[in-house]
Structures are given as structure tokens and as C-alpha cells.
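Chain by chain, the residues:
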Protein chains: 2
Amino acid sequence: MKTAIRGARPRSAAGLPALSPDQVVDAAIRLTEEHGLDGWTIRQLAAAIRAWPAVVYHHVGDREAVVDAVLQSVVAGMPVPADDLPWRDWWHRFLVDGRATLRRYRGVARRLATRGPTVPAMLAIADHGIRVLRRAGFGAESSDVYQVLVSSSFLMVALEDEWAADPSLRSRTAAVLAAHRDREDMPGLAALASLWHRTCNDQETLRARDEWFFGYAVDRALDAVQVRLDILTAK
Amino acid sequence: MKTAIRGARPRSAAGLPALSPDQVVDAAIRLTEEHGLDGWTIRQLAAAIRAWPAVVYHHVGDREAVVDAVLQSVVAGMPVPADDLPWRDWWHRFLVDGRATLRRYRGVARRLATRGPTVPAMLAIADHGIRVLRRAGFGAESSDVYQVLVSSSFLMVALEDEWAADPSLRSRTAAVLAAHRDREDMPGLAALASLWHRTCNDQETLRARDEWFFGYAVDRALDAVQVRLDILTAK
DNA sequence: ACCTGAACACCGTTCAAGT
DNA sequence: ACCTGAACACCGTTCAAGT
């Protein structure tokens, strides 16, 4: 709202103290929690700290720089399981708990997938994850396994983020599929439609279904990796 | 460029015939092939057909409507393997060939993942894919398996699209990791860094690596699904 | 050093007016 | 029916000027 800025007197005149970079980033984190990383503008961020857009540039930099700071903060808050867990437990824990954290900050998962360890806090996580795999016997394939597990999981969270940001995406899918529930000439489609019919009725069953499906996808990814480990350690 | 529009005389005065919705969509498809679905604006699309932005709205609708038309066209061009292939071959073919098509139109894969069978041409594909799984013995789990295979693959293509649209994302990752190649205190990270060092040197090995990795990810997804099938058909 | 306020070059979208 | 041309309400970013 323009009024929010217009209404604000100059910070000093209003008795407001000087801002710090941290305060700008904190405000960005709160906005991200509420509207997602693509759901706020520099102008809204400035309004949230009762300042002008140029103030954000002065303290932090352009939008990219603010986003990087938010990413760093969120990743730093991701729980890392204990080193001595069996590899499959370590990764299941990390991915499922990681989802819970990432989903609180829509849009972060997608950027983590594209930027990888550019975010400093991801470096330690990558090291842990790969060490756990190497100890388990994945050997030289550990890095590839790491990339598969992290990419596929983070991207799945990114997908959930998009659905959360625009619920009409799924309700439209539900509506389209509903029209094909009883098509006997397309039994595959009818099966898919009946699955959507069962899960998309109310908000709560949908949420539960999403959580179940993420776990299902993670378990499948871990199954796949287990198959590789069996082959690698057999010879 | 504004000049591109400014320079154009009114269509009739310039001897240009009236436009059709198809011509607008065709231009959008060409722009998507060149710059990706997020790489052109309504104004650029209008300029490409030597018209004003409002003309796009008149013939097709808002940006969403144009995007939907592009999605429909691209999906309609995706090759669908023969029905009688064994399930694993069918899916491997569909996903690998599908990637080749989708990658020619950056940004399409991501939207297909979020919109699913909202795109009409996806309905027949979903039906085929699920029927193949049901015939193989996946039973009631066929729809979930379909969702896992399609989501994970399309999202991986979406990730490649983002890297292609902004190469600096990966060169920055490469630069960050290069600094950790010889860190003995972080052996996992060092392993990841040496993988990037090997693959990110020139454009061609990177392209080959991406293609290999997609195949690796698809094979892992199919491995995982095979494990489920073994369990389901054993009892 | 920190902030103001305006400006610049863009967006997508709408609309009255023309032919 | 089809197109023009301008306008509206936004963006991110920059910058001279203030304190």
C-alpha cells in the first residue's frame, strides 16, 4: 500500500532508530514465512520496515542479495540428523524434517535446488550427507546419489509450495479429472480421477495426502538407492 | 524494442492481413523455443506479430491463456511409446524422449508438473501411463506410481531448464565448490567438488553429464518402482 | 552513514476510439 | 470483427539531494 509509505514520516523525525542489514533480512524472512519468497516485493519489504526501497539497497543490496540472505537463514535452521545414524535413517530423517522446515518458507526449496551449495549453510549439509553415504559403501557414486536424493526431494517440496501459493492449480485439476471418473474407454484416467476424488475433498485430507505422498516419494528414492548399494557391495 | 512497434504502421495500412488466434500462439511457441516460457513478455509477443498488446488479448486472452495454449501444443508433440511395450521400457522411453521434447521449450516442464492433466493433451498420456502400470501388476498403486514418475522426471527437466536460462547459477556453484576441492576436514564436500571439477569444464561435457544424470535419475526411479512391484506381486 | 523522494525503464492489463 | 494508442497500476533499480 502506498499509504503505508506515504503515511510514514521520515524515520528520524518519527523517532525511529537507524536500521541494520539484519533488520532488513529479518523482515524479509517474516514476509517469506507469510507470503513466500515470490510473494513480496522490495517495496513491500521497505514498507514493512517503514523505510524507502533504496534503504534495502543501501543495507543489503538488490532483490537477489535479500533472497540469498533468506536462503542462508532458512538452511541454517534445517535440522541435521546425528552422524552415527544408519545411512537410510539419516537420509529419511533429514529429508522429512527438512521438508517441514522448507515448507514454512515457500519458494526456498526451489531456489535451493537450483543454487545448491552456493548457499553457505548447504556446504556443511552436503558434506554430512555425502560422508554418510560413503561410510555406507556408496563409494564414488556417493555424490551422484546425494544429487538425486536432494534434488528430487527439494523439487517435490517446491511443487507443494507452488500448489500452496495458488490453490486454484489443484482445484482445476480436480475439476478436470472429476469429469473423467467414469470413463470406461480410459480406465487409467478413471483410476487417477478416483484417487483425486478421494483425496481432494477437504483441506485436511489433502494436507495429509501431501505428507503421505512426500514420504512415499522419499521411501521410493531410498529404495532405489538401496538397490544400487546392494549391487555395489555385492561385487 | 519499442521501435519495433512504433516503426510498424497499422496492419491494414501496411498491407498486413488480419491475425488469427493460431498465429498468435504460433509466435508464442517460437518465442518459447528461443527464450523459454518466462523469457518473453506480452509486449514482445505482440511485436513479433507486428501488432499491439491488446491484439493478443483479443485473439487469445491474457498471458495465462497464451501459456496454456503453448503447453497444450508442446504436450501434443510429445511422443507416446507403443502400448504393448513392457512397463519399464514404456516408461523409460516416455521419460527420456519426453525430456528431449520438453527441453526444447524451457519452462514447460515446470508448469506441466504443477498443472498436471489440466492440459488436455496430458489426459491421454496419463491414461496410457497408468494403463501400462496396471497391466504390469501395480494395481491400486498405479496412480501413485504414475505421480511419482511423472513429477520427479518433469521436475528434473524443470531444474535443467532453470540452469539453461541462467548459466551463472551453475558457474557460481562450480566456483564455490572449487574452493573446497582439497578440504581434508570435509571429505564429503571435497568429493562433491571433484565431481563438479570433472564435469563442469566445458559446455559439451556438461551437456553430456546432464543427459547421463537424467537417465541415472530415471533408472533409479524405475528401480524403486520395480521394488514395489516385486512386493506387490509376491503376495 | 543513513535516508528521502523522485525518476527510469520496464511489466500485464484495460478501454475508449477508430476502421 | 479487428486493431490502435493511450492509460493504469504496478515492478526493480538508480541517483541526486538532504541530514
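Just so it is clear, the structure is predicted and the values come from calculations on it, not from any experiment.

Caption draft 1: Region of interest: the interface of chain A and chain B. The partner chain B presents 50 residues to the 50 residues of chain A that form the contact. In this assembly, chain A and chain B are joined by four salt bridges. Glu-162 of chain B is the salt-bridge partner of Arg-110 of chain A, the closest N and O atoms lying 2.9 Å from each other. The interface formed by chain A and chain B contains 16 residue pairs in polar contact (both at pLDDT 80 or more).

Caption draft 2: Quick look at the UniProt feature "DNA-binding region" (unreviewed entry) in chain A. In the numbering used here, UniProt assigns the "DNA-binding region" (unreviewed entry) feature to residues 41-60 of chain A. Strand forms 0% of residues 41-60 of chain A and helix 70%; the C-alpha atoms that close the span are 15 Å apart.

Caption draft 3: Structural detail: helix 9 (residues 142-165) of chain B. For helix 9 of chain B, which comprises 24 residues, the first-to-last C-alpha distance of 34 Å matches the rise-based estimate of 34 Å (1.5 Å per residue) to within 8%. Of all the 24 residues making up helix 9 of chain B, 20 are buried; the element is thus mostly covered by neighbouring parts of the structure.

Caption draft 4: Just the packing of aromatic side chains, in detail. Residues and elements named next belong to chain A. In this structure the tally under the stated criterion is 16 aromatic pairs over all chains. Arranged with centres 5.1 Å apart and planes meeting at 65 degrees, the rings of Trp-90 and Trp-91 form a pair that is edge-to-face. Neither residue differs from the other here; Trp-90 and Trp-91 are each classed as buried. By the ring-pair criterion, three or more aromatic residues cluster together here, those being Trp-90, Trp-91, Phe-94 and Tyr-146. The ring centre of Trp-40 lies 4.2 Å from the NZ or CZ of Arg-63, which sits over that ring.

Caption draft 5: Summary view of the packing of helix 7 (residues 108-115) of chain B against helix 9 of chain B. Residues and elements named next belong to chain B. Between helix 7 and helix 9, whose axes approach to 7 Å, the crossing angle comes to 145 degrees. You can see that helix 7 and helix 9 cross each other, and the crossing is left-handed. Here Val-108, Ala-109, Arg-110, Leu-112 and Ala-113 of helix 7 come into contact with helix 9, specifically with Phe-154, Leu-155, Val-157, Ala-158 and Asp-161. Partitioned by chemical class, the residues of the contact of helix 7 with helix 9 number eight nonpolar, no polar and two charged.

Caption draft 6: Inspection of the relation of the copies chain A and chain B at higher detail. You can overlay chain A on chain B at an RMSD of 0.0 Å; the transform is a turn of 180 degrees with a shift of 0.0 Å along its axis. With respect to symmetry, the two chain copies, as superposed, fit the operation of a two-fold axis. Minimal C-alpha separation from the rotation axis in chain A is found for Ala-224 of chain A, amounting to 2.1 Å. A share of 100% of interface residues in chain A that are also interface residues in chain B marks the association as one of identical surfaces.

Caption draft 7: Focus on the protein's contact with DNA strand D. In the vicinity of DNA strand D there are 18 residues, among which Arg-43, Tyr-57 and Arg-63 of chain A together with Trp-52 and His-59 of chain B approach most closely. The share of sugar and phosphate among atoms of DNA strand D within 4 Å of the protein is 60%. Contact distances for DNA strand D include 3.2 Å between a phosphate oxygen and a backbone N or O atom of Ile-42 of chain A. Measuring from a phosphate oxygen of DNA strand D, one finds a side-chain N or O atom of His-59 of chain B at 2.5 Å. For the surface near DNA strand D, the secondary-structure elements that each account for two or more residues are helix 3 (42-48) and helix 4 (53-59) of chain A together with helix 4 (53-59) of chain B. Looking at the surface near DNA strand D, its residues break down into ten nonpolar, three polar and five charged.

Caption draft 8: Fine view of the confidence of the model for chain A. Averaged over all residues, the pLDDT of chain A is 93; the fraction at 70 or higher stands at 93%. In the model, residues 1-9 of chain A has pLDDT below 50 throughout and makes seven contacts with residues more than four positions away in sequence or in other chains.

Caption draft 9: Spatial organisation of the UniProt feature "domain: HTH tetR-type" (unreviewed entry) in chain A. Look at the UniProt record and you will see "domain: HTH tetR-type" (unreviewed entry) annotated at residues 18-78 of chain A. What you have in residues 18-78 of chain A is 70% helix and 0% strand, and the ends, taken at the C-alpha atoms, are 31 Å apart.

Caption draft 10: Quick look at the domain arrangement of chain A. Residues and elements named next belong to chain A. As far as domains go, chain A holds domain 1 (1-76) and domain 2 (77-165 + 202-234). For the pair domain 1 and domain 2, the summed buried surface comes to about 1500 Å²; carbon and sulfur atoms form 57% of the total. When residues of domain 1 are sorted by the area they lose upon contact with domain 2, Leu-71, Val-74 and Val-75 head the list and together hold 41% of the total. The closest approach of N and O atoms between Arg-115 and Glu-64, which form a salt bridge, is 3.5 Å. Here domain 1 and domain 2 share eleven residue pairs in polar contact (both at pLDDT 80 or more) between them. By residue number, the principal contributor to the side of domain 1 that touches domain 2 is helix 5 (residues 63-76), which donates nine residues. Broken down by class, the residue content of the side of domain 1 that touches domain 2 amounts to seven nonpolar, five polar and five charged.

Cut-offs used in this document
- Residues numbered from 1 in each chain as written.
- Chains lettered and ligands numbered in written order.
- Predicted model: local features only at pLDDT ≥ 70, side-chain atom pairs only at ≥ 80, totals over all residues.
- Heavy atoms only, no water.
- Contact = heavy atoms within 4.5 Å.
- Salt bridge = Lys/Arg side-chain N within 4 Å of Asp/Glu carboxyl O.
- Polar contact = N/O pair within 3.5 Å; in protein donor to acceptor, adjacent residues only side chain to side chain.
- UniProt positions renumbered as here; feature names shortened; annotations may be inferred.
- Helix = DSSP H or I, 4+ residues; strand = E, 2+ residues; numbered from the N terminus.
- Expected span 1.5 Å × (residues − 1).
- Buried < 20%, exposed > 50% of the residue type's maximum accessible area, 1.4 Å probe, protein only.
- Phe/Tyr/Trp six-rings, centres within 6.5 Å; stacked < 30°, edge-to-face > 60°.
- Lys NZ or Arg CZ within 6 Å of the ring centre and 35° of its normal.
- Axes fitted to C-alpha atoms, helices over the stretch in contact; angles between N-to-C directions.
- Left-handed = near helix turned anticlockwise from the far one by under 90°.
- Nonpolar A, V, L, I, M, F, W, Y, C, P; charged D, E, K, R; others polar.
- Least-squares fit on C-alpha atoms with pLDDT ≥ 70 in both.
- Near = heavy atom within 4 Å.
- pLDDT = per-residue confidence, 0-100.
- Domains from an automatic or database assignment.
- Buried area = accessible area lost by both parts, 1.4 Å probe.

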